[in-house]
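Understanding the architecture of this molecule
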Amino acid sequence: MRTVRPKKFLGQHFLTDLTIAERIADTVDAVPELPVLEVGPGMGVMTQFLMRKPRPLKVVELDTESVAYLRRTWPEMEDSIIEDDFLKMHLDRTFGGQSFVLTGNYPYNISSQIFFRLLDHRQLIPCCTGMVQKEVADRIVAHPGTKAYGILSVLLQAWYKAEYLFTVEPTVFNPPPKVRSAVVRLVRNDVQALGCDEALFRRVVKTTFNQRRKTLRNNLRPLLAELAPEADTTAFLADDLFCLRPEQLSVAQFVELTNSVARFAGMA
């Protein structure tokens, strides 16, 4: 049977090792019973193991060649194959509004975007697992004070418990990527509300990490000027906190910082 040609513009690197495919598929068992949505199934190397689990499964694939292959190879999946762009599809309609587990060998060129989409639908997705570039995985699970700690670390760990499960070498892919990969698992924590303006929280986190070598004081000045153009920031920024760099702050400290910014700007 003709196979699918990996397409560079879609970030496709097809996993060829069945043992690793099964291990990744089994990561969804952390949250049993819920339906599963697999992103980017390609030729179904993970799909075949997910199909064995006693739970509803759907796959979303943008590549028309992969969709045709899946339909030929797994005819029983015909009604469960969604030919669409995960970043644009209506996730609340996927399983009729029911919560689901998200998984996949995520396309490298959109992996970060997938996690930002996850955040926007965190009430719908209590668990997300899958394979990404090792560099992205390191950022997801990083702790404050480390080089990898950044925007993804803070935003995801605010809502999810992040686990680095195992590393995957380039040799088990076609074509082999130039980087190592890793499998991660995110499970929703007990936080239902951050205790701050969540949109402002995202802005503060992204703004401070845009130039991570600078102090909070230098990074926040443009944002403060935008939020409160008539206000004098001198006294506010004199606090010792603003001498720190963003990677030194925990999620809780970013929440406190967001509230401080909101009070200064008259938003709270």
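Here, the structure is the one placed above.
The following paragraphs examine the structure supplied in this document. (Residues numbered from 1 in each chain as written. Predicted model: local features only at pLDDT ≥ 70, side-chain atom pairs only at ≥ 80, totals over all residues. Heavy atoms only, no water.)

Considerations on the overall build of the protein chain
The number of helices and strands found in the protein chain is nine helices and nine strands. Along the longest, intermediate and shortest principal axes, the C-alpha atoms of the protein chain span 70 × 40 × 30 Å. Relative to its full complement of 268 residues, the protein chain shows a buried share of 52%. In the protein chain, 70% of the contacts between residues at least 6 apart in sequence involve partners at least 24 apart. By element, 50% of the accessible surface of the protein chain is carried by carbon and sulfur atoms, the whole surface being about 12,800 Å². Taken together, the 33 basic and 31 acidic charged side chains of the protein chain have centroids lying 5 Å from each other. (Helix = DSSP H or I, 4+ residues; strand = E, 2+ residues; numbered from the N terminus. Buried < 20%, exposed > 50% of the residue type's maximum accessible area, 1.4 Å probe, protein only. Contact = heavy atoms within 4.5 Å. Areas by Shrake-Rupley, 256 points an atom, 1.4 Å probe, with all protein chains shown as cover. Lys, Arg positive; Asp, Glu negative; His and termini not counted. Charge placed at Lys NZ, Arg CZ, Asp CG, Glu CD.)

With respect to the packing of aromatic side chains
Throughout the structure, instances matching the rule amount to six aromatic pairs. Pairing tyrosine 149 with phenylalanine 209 gives two aromatic rings, centres 6.2 Å apart and planes at 75 degrees, and the pair type is edge-to-face. Taken together, the residues span a long stretch of sequence, with tyrosine 149 in the loop between α5 (134-141) and α6 (151-157) and phenylalanine 209 in helix α7 (residues 198-210) at a distance of 60 residues. Take tyrosine 149: its relative accessible area is 1%, and that puts it in the buried class. Given a relative accessible area of 7%, phenylalanine 209 falls into the buried group. Relative to phenylalanine 264, the ring of phenylalanine 236 lies with its centre 4.7 Å away and its plane at 25 degrees, an arrangement referred to as stacked. (Phe/Tyr/Trp six-rings, centres within 6.5 Å; stacked < 30°, edge-to-face > 60°.)

What about the layout of surface pockets?
Of the voids in this model, the largest pocket is the one considered here, and its volume is about 530 Å³. Every residue lining the largest pocket is counted, 32 residues in all, and those nearest its centre are Gln12, Phe14, Gly40, Gly42 and Glu61. Of all the secondary-structure elements, those providing two or more residues to the lining of the largest pocket are β1 (14-15), β2 (36-39) and β3 (57-61). Classifying every residue of the lining of the largest pocket gives 17 nonpolar, 11 polar and four charged. (1 Å grid on protein atoms, 1.4 Å probe; cavity = no way out; pocket = protein on both sides within 12 Å on 5 of 7 lines; lining within 4 Å. Points joined across faces, edges and corners; volume = space filled by probe spheres on them. Nonpolar A, V, L, I, M, F, W, Y, C, P; charged D, E, K, R; others polar.)

Let's talk about the environment of valine 183
The residue valine 183 is located in strand β9 (residues 181-188) in this model. Sequence separation between valine 183 and leucine 224 is 41 residues, and the spatial gap between their C-alpha atoms is 38 Å. Sequence-distant contacts of valine 183, defined by excluding residues within four places in its chain, comprise Ile24, Thr27, Gly130, Met131, Glu163, Tyr164, Leu165, Phe166 and Val168.

Thoughts on the sheet that holds strand β7 (residues 160-168)
Here seven strands make up an open sheet; going across it, the order is β4-β3-β2-β5-β6-β9-β7 and the pairing mixed. The sheet terminates laterally at β4 (81-83) and β7, the two strands that pair on one side only. Going from strand to strand, the sheet's axes swing by 20 degrees on average, the running direction of each strand aside. Bridge analysis of β2 against strand β5 (residues 101-104) gives four bridges, and the strand direction is parallel. Across the sheet, the residue bridging to valine 36 is valine 101, located in β5. Contacts from helix α3 (residues 64-73) reach β3 and β4, with the element oriented near 160 degrees to β4. With respect to the sheet, helix α4 (residues 111-120) is in contact with β2, β5, β6 (127-133), β7 and β9, its orientation differing from that of β6 by roughly 165 degrees. (Pairing = 2+ DSSP bridges. Axes fitted to C-alpha atoms, helices over the stretch in contact; angles between N-to-C directions.)

Topic: the packing of α7 against helix α8 (residues 216-227)
For the pair α7 and α8, interaxial distance at closest approach is 9 Å and the crossing angle is 135 degrees. By the angle between their directions, the pair α7 and α8 is classed as oblique. Between α7 and α8 lies a crossing whose hand is right-handed. Touching Leu200, Arg203, Val204, Thr207 and Thr208 of α7 are Leu216, Asn219, Leu220, Leu223, Glu226 and Leu227, all from α8. (Parallel < 35°, antiparallel > 145°, perpendicular 65-115°, else oblique. Left-handed = near helix turned anticlockwise from the far one by under 90°.)

Observations regarding the pattern of salt bridges
Tallied over the full model, the rule gives 12 salt bridges. A salt bridge links lysine 53 to aspartate 29; its shortest N-O distance comes to 3.0 Å. Linking lysine 53 in the loop between α2 (47-50) and β3 with aspartate 29 in the loop between α1 (18-26) and β2, this pair joins segments that are 24 residues apart in sequence. Here glutamate 135 and arginine 139 are joined by a salt bridge, their closest N and O atoms 3.3 Å apart. Taken together, the residues span about one helical turn, with glutamate 135 and arginine 139 both in helix α5 at a distance of four residues. Shared partners join several salt bridges into a network, and the residues in it are Asp26, Asp29, Lys53 and Arg55. (Salt bridge = Lys/Arg side-chain N within 4 Å of Asp/Glu carboxyl O.)

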